[in-house]
Amino acid sequence: MFLKRPHIALLFVSVLLFSACSSKFMKLQKKGTTEEKYKAANDYYKKGDFYKAGILFEEIIPLLKGDSLAENAQFYNAYAQYQQKQYSMSAYLFKSFYATYANSPMAEEAFYMYANSMYKDSPNFNLDQSSTLTAIDALQTFINSYPESKYAESCNQDLKDLRHRLEEKAYEKAKLYYKTSGVTIANFKAAVVAIDNFQKDFPDSEYIEELSFLKVQSQYDLATVSFENKQRERFADALKFYEDFIDKYPKSKYIKQAEKVYDGSTKGLEKAVKYEQEVKELKAKEAARVAKEKEDAATKKEEKAGKS
């Protein structure tokens, strides 16, 4: 039957071999000595079976404290986790190794692998970037500590990539606030603040021209929907942002749109100034009326007192 169906025979043999290997590994776990497990862990590691290597290293490391083999076991256990793409765990283990064996010949590599694990564990730009900031700090610390290291160039490339992720995240955040500005007035304010922060953090970004224009537009939109007593200041800010934009990008593809914002802001500012003047005049008239009423009341009181 097996000769007629060779693929079934191959599968059968594979199952038997797997069972035998599993049985051998389980027996080693239960009855093997620390030395036997250490040797097997290294063999598994060399063969690329990082899962089994990691299991054995984890079992024997507590038993190797003070032993000359402990250093190697911890180092390769960290690598076993890294090779399985367990980057959060490998980062922890490499960092622990460096803290424990700071004078080891492998300390520099361990520090680099800690930073590299953090880099590998950092998310795409559209997710939370807290771990990216930690990775940047780790990479920069390594470069500062080992500026001449053979790993320095790799760290610089990783740093460049991570900073670009932060840039992408900040850009998407600013654009999102702008796109949702019509929902609440708070979003108009948030868009302006987010863009302002982006300009400070990434002055050389490829997105800076676009966001500089959107800052002008967002401020104008904010002024337009504001209460009348807030419009003068906000239209004035829109004009200031426009002037800054034109000075920096006189040939921008957003010029025509920016000029429309300028015209609208100019008219809005004139209207706001007129409104404030009218309010001021009304307040003056009201104050004069109240003062006149008080004066008339005082006169009548004096006249009444004179007759009595």
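Values in this document were obtained by computation on a predicted structure and should not be read as measured data.

1. Some words on the overall build of the protein chain
Right, on to step 1. Scanning the protein chain for helices and strands turns up twelve helices and zero strands.
Right, on to step 2. Scanning the protein chain from its N terminus toward the C terminus, one meets helices and strands in the order α-α-α-α-α-α-α-α-α-α-α-α.
Right, on to step 3. For the protein chain, with 308 residues in total, the buried portion stands at 38%.
Right, on to step 4. Considering only intrachain contacts with a sequence separation of at least 6, the fraction spanning at least 24 residues in the protein chain is 55%.
Right, on to step 5. Surface summary for the protein chain: the accessible area is close to 19800 Å², and the carbon and sulfur share equals 55%.

2. Some points on the nonpolar core
Right, on to step 1. Counting residues in hydrophobic clusters, the biggest one holds 68 residues, and the most contacted among them are F57, F94, L211 and F245.
Right, on to step 2. Examining the composition of this core, we find that eight residues originate from one element, helix α6 (residues 107–121), more than from any other.

3. Describing the packing of aromatic side chains
Right, on to step 1. Scanning the model with the defined rule gives 26 aromatic pairs in all.
Right, on to step 2. Taking 5.2 Å as the distance between ring centres and 70° as the angle between the ring planes, the aromatic pair formed by Y45 and Y76 counts as edge-to-face. Here Y76 lies in helix α4 (residues 70–83) and Y45 lies in helix α2 (residues 34–47), a separation of 31 residues in the sequence.
Right, on to step 3. With 5.3 Å between their ring centres and 65° between their planes, Y82 and Y87 make a pair best called edge-to-face.
Right, on to step 4. An aromatic cluster is present here, built from Y45, F50, F75, Y76, Y79, Y82, Y87, F94, F97 and Y101 joined pairwise through their rings.
Right, on to step 5. In this arrangement the basic side chain of K52 is found over the ring face of F25, its NZ or CZ atom lying 5.3 Å from the centre.
Right, on to step 6. The ring of F241 has K215 lying over it, and the distance from NZ or CZ to the ring centre is 4.4 Å.

4. Quick look at the pattern of salt bridges
Right, on to step 1. Scanning all chains against the criterion turns up seven salt bridges.
Right, on to step 2. E59 serves as the salt-bridge partner of K37, at 3.1 Å between the closest nitrogen and oxygen. Of this pair, K37 sits in helix α2 while E59 sits in helix α3 (residues 50–60); the two residues are 22 residues apart in sequence, bridging distant segments of the chain.
Right, on to step 3. Assessed through its relative accessible area of 12%, K37 is described here as buried.
Right, on to step 4. A salt bridge links D161 to R165; the nearest nitrogen and oxygen atoms lie 2.9 Å apart. Separated by four residues within a single helix, D161 and R165 lie in helix α8 (residues 152–179), roughly one turn from each other.

5. Digging into the side chain of Q231
Right, on to step 1. As for its position among the elements, Q231 is in helix α11 (residues 228–248).
Right, on to step 2. According to the relative accessible area criterion, Q231 is buried, its value standing at 13%.
Right, on to step 3. Polar side-chain contacts of Q231 include one of 3.1 Å to the backbone oxygen of A223.
Right, on to step 4. Beyond its immediate stretch of four places on either side in the chain, Q231 contacts A223, T224, S226 and A272.

6. Observations regarding the environment of I136
Right, on to step 1. Mapped onto the elements of the fold, I136 is located in helix α7 (residues 130–145).
Right, on to step 2. Judged by relative accessible area, which is 13%, I136 ranks as buried.
Right, on to step 3. Distance in space between the C-alpha atoms of I136 and R163 is 7.8 Å, their sequence separation being 27 residues.

7. Overview of α8
In an α-helix, one turn spans 3.6 residues; hence positions three or four apart end up facing the same way.
Right, on to step 1. Taking 1.5 Å of rise per residue, 28 residues should cover 40 Å, and α8 covers 40 Å from first to last C-alpha, within 8% of that figure.
Right, on to step 2. Residues of α8 that are buried: A152, C155, D158, L159, L162, R165, L166, E167, E168, Y171, A174 and K175.
Right, on to step 3. Here the buried face of α8 lies against α6, α7, α9 (185–201) and α10 (208–225).

8. Let's talk about the confidence of the model for the protein chain
Right, on to step 1. Looking at the protein chain as a whole, the pLDDT averages 86, with 87% of positions reaching at least 70.
Right, on to step 2. Low pLDDT, under 50, characterises residues 8–20; the predicted model gives this stretch two contacts beyond four residues in sequence or across chains.

9. Comments concerning the environment of K52
Right, on to step 1. Note on placement: K52 falls in helix α3.
Right, on to step 2. Note on K52: relative accessible area 16%, which makes it buried.
Right, on to step 3. In the structure, K52 is positioned 28 residues away from A80 in sequence and 8.9 Å away in space, judged by C-alpha atoms.

10. Section: the packing of α3 against α4
Right, on to step 1. Where α3 contacts α4, the two axes come as close as 9 Å, and the packing angle between them is 145°. For the crossing formed where α3 meets α4, the hand is left-handed. Note on element contacts: α4 touches α3 through A73, Y76, N77, A80, Q81 and Q83, opposite F50, G54, F57 and E58.
Right, on to step 2. For the contact of α3 with α4, the per-class residue count stands at five nonpolar, four polar and one charged.

11. Quick look at α4
Right, on to step 1. Counted at 1.5 Å a residue, the expected span for α4 with its 14 residues is 20 Å, and the 20 Å between its end C-alpha atoms agrees.
Right, on to step 2. Contact partners of the buried residues in α4: α2, α3, α5 (87–100) and α6.
Right, on to step 3. Looking one or two places after α4, you find K85, whose phi comes out positive at around 65°.

What counts, and at which threshold
Residues numbered from 1 in each chain as written. Predicted model: local features only at pLDDT ≥ 70, side-chain atom pairs only at ≥ 80, totals over all residues. Heavy atoms only, no water. Helix = DSSP H or I, 4+ residues; strand = E, 2+ residues; numbered from the N terminus. Buried < 20%, exposed > 50% of the residue type's maximum accessible area, 1.4 Å probe, protein only. Contact = heavy atoms within 4.5 Å. Areas by Shrake-Rupley, 256 points an atom, 1.4 Å probe, with all protein chains shown as cover. Core = buried A, V, L, I, M, F, W, Y, C linked by side-chain atoms within 4.5 Å. Phe/Tyr/Trp six-rings, centres within 6.5 Å; stacked < 30°, edge-to-face > 60°. Lys NZ or Arg CZ within 6 Å of the ring centre and 35° of its normal. Salt bridge = Lys/Arg side-chain N within 4 Å of Asp/Glu carboxyl O. Polar contact = N/O pair within 3.5 Å; in protein donor to acceptor, adjacent residues only side chain to side chain. Expected span 1.5 Å × (residues − 1). pLDDT = per-residue confidence, 0-100. Axes fitted to C-alpha atoms, helices over the stretch in contact; angles between N-to-C directions. Left-handed = near helix turned anticlockwise from the far one by under 90°. Nonpolar A, V, L, I, M, F, W, Y, C, P; charged D, E, K, R; others polar.

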